[in-house]
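Listed here are the chains, written in short residue letters.
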Amino acid sequence: MCTIRLENVTKMFGELAVIPGIDLQINDGEFVVFVGPSGCGKSTLLRLIAGLEDISGGAILLNGEDVSSLPPAKRGLSMVFQSYALYPHMTVHGNIAFPLKMAGMDKAEIDKKVMAAAKVLNLTEYLKRKPRNLSGGQRQRVAIGRAIVREPSAFLFDEPLSNLDAALRVNMRLEITELHQQLGTTMVYVTHDQVEAMTMADKIVVLNRGNVEQVGSPMDLYRDPANLFVAGFIGSPRMNFVDGGNAARLGATTIGIRPEHIGLDREKGLWRGVIGVSEHLGSDTFLHVHVEDVGTITARTGGEWTLRHGETVFLTPDPDKVHRFDESGRSMARAITPDLGALPRHVNGAPASGAPLQ
Amino acid sequence: MATLHTKSAARAMMSPSVILLFCWMAVPLAMTLYFSFLRYNLLMPGMEEWAGLFNYEFFLTDPAFFSALFNTLILVGSVLVISVGGGLLMALLLDQPVFGQGIVRVLVISPFLIMPTVSALVWKNMMMHPVYGLFAWLAKTVGLDPIDWLSAAPLTSIVMIVSWQWLPFATLILLTALQSLDEDQMEAAEMDGASLWWRFYFIVLPHLGRAITVVILIETIFLLSVFAEILVTTSGGPGYASTNITYLIYTQALLQFDVGGASAGGIVAVILANIVAFFLIRLIGKNLEG
Ligand SMILES: Nc1ncnc2c1ncn2[C@@H]1O[C@H](COP(=O)(O)OP(=O)(O)OP(=O)(O)O)[C@@H](O)[C@H]1O
Ligand SMILES: [Mg+2]
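Residues numbered from 1 in each chain as written. Chains lettered and ligands numbered in written order. Predicted model: local features only at pLDDT ≥ 70, side-chain atom pairs only at ≥ 80, totals over all residues. Heavy atoms only, no water.

Examining the pairing of strand 3 (residues 31-35) of chain A
Residue and element names in this part refer to chain A. In terms of residue burial, strand 3 counts as a mostly covered element, since five of its five residues are buried. Sheet topology places strand 3 next to strand 9 (residues 203-208); four bridges connect them, and they run parallel. Directly across from Val33, in strand 9, lies its bridge partner Ile204. (Buried < 20%, exposed > 50% of the residue type's maximum accessible area, 1.4 Å probe, protein only. Helix = DSSP H or I, 4+ residues; strand = E, 2+ residues; numbered from the N terminus. Pairing = 2+ DSSP bridges.)

Structure follows, in C-alpha cells:
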C-alpha cells in the first residue's frame, strides 16, 4: 500500500531550476508513467522520489508521511535503472539476494525468496551466471528481480526498456504490465516513448521543461489534450497541426487533426493533395500528403492502399475530431458538428460563417 | 585473432622481438650460472677454477643469507600493505570533489617521479637525521628524546622510505579504477539498503580487485630488488639489520670481489623471485582472468 504525493516540489541544479514546482498525487496501486522529451526532468523527478537527489523545496509524502529528508533505503522503494546497474562481480543469485542480505535476512529465507522471484521472471536456469553472460532482456529481468524481492511499497522504473531491441521491448512491456497486475503495487515508470506510456499506464503525467503539462488516463490525453504540447506528444504518428486561414475560420490559432481522423478519397473531399511518401506497415499505411496552403498532412489508411507517390488524393478531416488551440497553445472546446456529411460545418454548436475548412 | 591463419601470422611477426628479448635475458643468465660454479675472485685474476657447488654452499650457509632473506620478505610485505592500504584511502579521498583537486593530484604523484637515491637522501638528512631531522624536531617539541632512525630502526626506516615512493603509484592506479566505477551501481546499492561500509566492501572493493592485483604484481617485482635506498642510507647495517638479498649480493661481488659467490647468490635470488611469483600468480592471478 503506497500513495505518493508531491507538494510543490522544486529542484535546482545551481542556478538552473530543473523542476520549477510540481504538485502530483499518485494513488495506491496505480501505474503512473512520466513521459516527456529528453531533458525535461523525468529522471530527476524519479530520483527525487527515490531519495537519490535532495529536493530544493516542497515536500514528498509517502502514505501521508513527509519523507523528504529520509535516505533512499528508508523509503521502502525499489528502483530499476536504465543501465540496469547490476553488480558485475556477483552472480544472478547474488544480485537478486543483495537487498535481502543487506536487510539481514537469514540465508534459508533469502534462498527461498530468490528462487520464487527467479521463477516468476524465468531466471531459474541462469542463477549461477554473471550478468555479463546474459542477454539484454535477461539482465533487465535480473534488475526487476532485484527490485521485487524486497517487496517494496512502490517501484520506480527509469526508462528500463530503452536498451532493448524493438521486439524484446514489446515483450518486456507486457511482462511488466503483467507483473503490475499480479503484485498490485504502485509503479512509477519513466519513458520518453509515448507508445510505452499509452500501453502501460493507468495515469500518464506529461512533463515539459520540468512542468506538468497534463495528468490523465491514456485515453483522456488522447481525446482531450490540454494543449499543443500534449497533443503533439501523445499519439503516433503525431497529430497534424494546421494554422493560418484554415484555423482562423474555426476561430482558433491552430487546429490539430490526428492522422487516423482523416478520410481519404480519390474523387472528392475538402483538401486536394499530392501523395509524397507512403509508409506501409502491413496493417496500416501512413500517407504523407502535400496540400497546398495547408502543408504536409499525415493520414492513416488501411493496409491495402494502392495509390502511389505523386498521385492526387482528397482529404477530409473528421469534423468531430478536430482539436482547436488558442494563441497560447491551450486547447479550446472541440469543434462539433451535428451533420457529419455536409459542409459547411458548425463550430461550438453555433453556425460558422461559410464553409470553415475550405 | 581467432583463426589458425592469424595465429601463425602473429607468431611470425612477434618472433624477432621475442628472440631478441630472449637473448638479452638468456645470455647474462647463462653467464651468471657459469660464474656461480667457478672460484672467481677479482683480487686473484687468472686463478679461476671449477668449484662445483661450493659457492652455493657458501652463500646458503652464510648466516647473513637468512637475515637478508627475512629482511627482503619483511620489506616487500610491509611496503605492499602500506602502499595498497594507504593508496586505497588516498584514492577514495582524491575521488571526492574538493577544491584544487588537480593540484592535489599532481602533488600526490610527484614522489614517484623522484629518483630513489634522491628521495632516500632527502629522508636521511631532512626527515630522519637525529639532529637536523624533522622527526627529531617533532620529538623534541613534544618533549621526547629524538631517536636515530637509521641506526635504531633501520629496516623500519627503509620501509618508510620505500613506501613513500610507491604510495603514489598505488594511489594513481586505484584512483583511475575508482573513477571507472558506474555511479548507478552505487546508487542501486544505496537503494538496496547497503550502508557506506557495505557499499565499499561489496561494490567498490570487488570493482578494484583487478587494479589491486596489478599493483601488487608490479610492486612485488620492483620491491624484491630494492637497492639504492639501502645503499645511501644504512648501507645494509647496522650488521645485517637492513640488508636484503640484492644488497647482500652487491656486498659479495663489489665489496668482497667474490664474483663466484655473488653469482651463486644471484641465481638463488632468481629462484626465490620465481617461487614468490609462482605463489603470487596462484593466489591472485585469477583476478586477472575475464
Ligand atoms: N547533476 C546535475 N547537474 C546539473 N544539471 C543536471 C544534473 N542532472 C540533470 N541535470 C539537468 O536537468 C535536466 C533534466 O535532466 P533529466 O536527467 O531529469 O532528464 P530526462 O527527462 O530524464 O531526460 P532523458 O529522457 O534524456 O533521460 C537536464 O537539462 C539536465 O541537463
Ligand atoms: Mg532520464
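Read on, since the account is not over.
A look at the interface of chain A and chain B
Every contact between the two is made by 23 residues of chain A and, on the other side, 16 residues of chain B. Buried surface at the junction of chain A and chain B, both sides included, amounts to about 1700 Å², of which 63% is carbon and sulfur. A per-residue breakdown of the area chain A buries against chain B is headed by Tyr87, His89 and Met102 of chain A, which together make up 29% of the total. Our enumeration of links across chain A and chain B arrives at three salt bridges. Measuring nitrogen to oxygen at the nearest pair gives 2.7 Å for the salt bridge that ties Glu187 of chain B to Arg47 of chain A. Of all the secondary-structure elements, those providing two or more residues to the side of chain A that touches chain B are helix 1 (42-50), strand 6 (77-80) and helix 2 (92-102) of chain A. Top contributing element to the side of chain A that touches chain B by residue count: helix 2 of chain A, with four residues. (Contact = heavy atoms within 4.5 Å. Buried area = accessible area lost by both parts, 1.4 Å probe. Salt bridge = Lys/Arg side-chain N within 4 Å of Asp/Glu carboxyl O.)

Observations concerning the sheet that holds strand 13 (residues 262-265) of chain A
Through backbone hydrogen bonds, the strands of a sheet pair up, either in parallel or in antiparallel fashion. Residue and element names in this part refer to chain A. Taken together, the five strands give an open sheet; going across it, the order is 13-17-14-15-16, and neighbouring strands pair in antiparallel fashion. Here the strands that pair on one side only, and so sit at the sheet edges, are strand 13 and strand 16 (295-302). Geometrically, the sheet is characterised by an average inter-axis angle of 45° between neighbouring strands, direction not taken into account. Sheet topology note: the strand 13/strand 17 (residues 312-317) ladder contains four bridges and is antiparallel. From the neighbouring strand, Asp265 faces strand 17, where its bridge partner is Phe314. (Axes fitted to C-alpha atoms, helices over the stretch in contact; angles between N-to-C directions.)

Here we look at the site of ligand 1
Residues and elements named next belong to chain A. If you check the shell around ligand 1, you find Phe13, Val18, Ser38, Gly39, Cys40, Gly41, Lys42, Ser43, Thr44 and Glu159 and nothing else. Separating an oxygen atom of ligand 1 from a side-chain N or O atom of Ser38 is a distance of 2.5 Å. Contact between ligand 1 and Glu159: an oxygen atom at 3.0 Å from a side-chain N or O atom of the residue. Looking at the shell around ligand 1, the element that brings in the most residues is helix 1, giving three residues. A per-class count over the shell around ligand 1 returns three nonpolar, five polar and two charged. (Near = heavy atom within 4 Å. Polar contact = N/O pair within 3.5 Å; in protein donor to acceptor, adjacent residues only side chain to side chain. Nonpolar A, V, L, I, M, F, W, Y, C, P; charged D, E, K, R; others polar.)

Some remarks on the pattern of salt bridges
Here the structure, examined in full by the defined rule, presents 11 salt bridges over all chains. Notably, a salt bridge pairs Glu175 of chain A with Arg141 of chain A, separated by 3.5 Å at the nearest N-O pair. Placement of the pair is Glu175 of chain A in helix 5 (residues 166-183) and Arg141 of chain A in helix 4 (residues 136-148), with a sequence separation of 34 residues. On the accessibility criterion, Arg141 of chain A (15% relative accessible area) is buried. Linked by salt bridges that have partners in common, Lys11, Arg47 and Glu53 of chain A together with Glu187 of chain B make up one network.

As for the side chain of Glu187 of chain B
Tracing the backbone through its elements, the reader meets Glu187 of chain B in helix 9 (residues 183-191). Excluding residues that lie within four positions of it along the chain, Glu187 of chain B makes contacts with Arg47, Leu52 and Phe81 of chain A.

Quick notes on unusual backbone geometry
Residues and elements named next belong to chain A. For the bond from Ser236 to Pro237, the omega torsion is -5°, close enough to zero to count as cis. Secondary-structure assignment places Pro237 in the loop between helix 8 (228-233) and strand 11 (240-243). Although it is not a glycine, Asn8 adopts a positive phi angle of roughly 45°. Inspection of the secondary structure puts Asn8 in strand 1 (residues 4-13). Under the relative-accessibility criterion, Asn8 is labelled partly exposed at 45%.

Side note on the nonpolar core
Grouped together as the largest cluster of nonpolar side chains are 77 residues, with contacts concentrated most on Ile4, Leu6, Phe34 and Phe98 of chain A. The leading source of residues in this core is helix 10 (residues 196-223) of chain B, at 11 residues. By size, the runner-up hydrophobic cluster in this structure holds 43 residues, among which are Leu86, Ile148, Met187 and Ile204 of chain A. (Core = buried A, V, L, I, M, F, W, Y, C linked by side-chain atoms within 4.5 Å.)

A look at the sheet that holds strand 3 of chain A
Residues and elements named next belong to chain A. Ordered in space as 6-7-8-3-9-10, the six strands form an open sheet in which the pairing is mixed. The sheet is open, and its two borders are formed by strand 6 and strand 10 (211-216), each paired with just one other strand. Averaged over all pairs of adjacent strands, the angle between strand axes in this sheet comes to 15°, irrespective of strand direction. Pairing geometry for strand 3 and strand 8 (residues 186-191), over five bridges, is parallel. Paired with Phe34 across the bridge in strand 8 is Val190. In the packing of helix 1 onto the sheet, contacts are made with strand 3, strand 6, strand 7 (154-158), strand 8 and strand 9, and the angle to strand 7 comes to roughly 150°.

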